[in-house]
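Below are the chains, spelled out letter by letter.
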Amino acid sequence: MAKYVKEKNLPMLLIALPGIIYLIINNYVPMLGLFLAFKDYNFMKGIWGSDWCGLQNFKFLFTTKDAFIMTRNTILYNVAFIILGTAFAIFIAILLCELGEKLRVKFFQASLLLPNLLSWVVIGFVAFAFLNADTGFINKTILEKLGMEPVAWYTYQAAWPLILVIVNLWKNAGYQSIIYMSSIAGIDKSMYEAAALDGATKVQQIFKITLPMLKPTVITLTLMSIGRMFYSDFGLFYQVPQNSGALYNVTQTIDTYVYRGLMELNDVGMSAAAGFYQSVVGFVLVMAANAFVRKLDSDNALF
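Residues numbered from 1 in each chain as written. Predicted model: local features only at pLDDT ≥ 70, side-chain atom pairs only at ≥ 80, totals over all residues. Heavy atoms only, no water.

### Considerations on the packing of aromatic side chains
Point 1. The full count for this structure, using the stated rule, is 16 aromatic pairs.
Point 2. Look at Phe38 and Phe58: their rings are 5.4 Å apart centre to centre, the planes differ by 40°, and that puts the pair in the tilted class. Remark: Phe58 occurs in helix 3 (residues 56-62) and Phe38 occurs in the loop between helix 1 (2-28) and strand 1 (39-42); sequence separation between them is 20 residues.
Point 3. For Phe38, a relative accessible area of 23% gives the class partly exposed.
Point 4. Joined through ring pairs, the aromatic side chains of Phe38, Phe58 and Phe276 make up one cluster.
Point 5. The lysine or arginine in question, Lys39, covers the ring of Trp52, its NZ or CZ lying 4.8 Å from the ring centre.
Point 6. Here the guanidinium or amino end of Lys171 rests over the ring plane of Trp120, the centre of that ring lying 5.0 Å away. (Phe/Tyr/Trp six-rings, centres within 6.5 Å; stacked < 30°, edge-to-face > 60°. Helix = DSSP H or I, 4+ residues; strand = E, 2+ residues; numbered from the N terminus. Buried < 20%, exposed > 50% of the residue type's maximum accessible area, 1.4 Å probe, protein only. Lys NZ or Arg CZ within 6 Å of the ring centre and 35° of its normal.)

### A closer look at the packing of helix 8 (residues 160-185) against helix 11 (residues 215-227)
Point 1. Two elements in contact, helix 8 and helix 11, have axes separated by 10 Å at closest approach and are oriented at 155°. It follows from the interaxial angle that helix 8 and helix 11 lie roughly antiparallel. Crossing of helix 8 against helix 11: the hand is right-handed. For the pair helix 8 and helix 11, the contacting residues are Ile179, Tyr180 and Ser183 in the first and Thr217, Val218 and Leu221 in the second.
Point 2. When its residues are assigned to classes, the contact of helix 8 with helix 11 shows 4 nonpolar, 2 polar and no charged. (Axes fitted to C-alpha atoms, helices over the stretch in contact; angles between N-to-C directions. Parallel < 35°, antiparallel > 145°, perpendicular 65-115°, else oblique. Left-handed = near helix turned anticlockwise from the far one by under 90°. Contact = heavy atoms within 4.5 Å. Nonpolar A, V, L, I, M, F, W, Y, C, P; charged D, E, K, R; others polar.)

### Focus on helix 10 (residues 202-213)
Point 1. In this model helix 10 runs 15 Å from its N-terminal to its C-terminal C-alpha over 12 residues, within 8% of the 16 Å that 1.5 Å per residue would give.
Point 2. At its buried positions, helix 10 is contacted by helix 4 (65-98), helix 8 and helix 9 (189-197). (Expected span 1.5 Å × (residues − 1).)

So this is what it looks like as structure tokens:
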């Protein structure tokens, strides 16, 4: 029996093998480098020969003003992305499920799924075409027609929280809606038919049937997003603002800080400390969120 089960599962394991190998190489092998957070790394001495420095990298990391800025930005942006992204993705999923098949396919493929397939480099140049101070679409077309003065967007900090949220929604909401569309497709259609016979409108059906049935999916995806609360999309915060130093107060996140610390300051130890900090806090957050969900509704907890 055991031999039959192994032979039956072998094709599935072979299909999953590339993904497993990628996961090990990309997620688990780099964990061996976490000890660099506790070393005063010296390129001449190498990884193993560098001196241990205890918690000095963490001390340096958290005694600078950058620690508060990058932590604040990372958390607040991710909270906005989770709340607005979930709401917008559900809205898109419900809207597309109510549209005709032909219209849905054309609209979804062209307008919603395509942005997710573009790299952040391309999206950064698209944003630059809109925001360039001299030739950008907003300054030369919109503001000029309204008789308003052009704005130097890449030095105007107040606008960038909104810009980053809009760009993130535009790129990711269409892809995220696929999961909610599949969940909606799995809802028993007889429930809608019974509600219609009782006189429920489409809006009432959405609020009384669709949204409650999406609750397990929303909780699961939110818990997974909370686990990434201390991570940010590097391309969004680096490529879209064009690495503008004037915007660091509103675009600096832990990931961009690690990159700049490693590539510009050559401080490997401090970068490793920031990455270690991300991992530990992310683990604590997902455990705490899961415990909270398990206490309220144990059926929807991850574990």
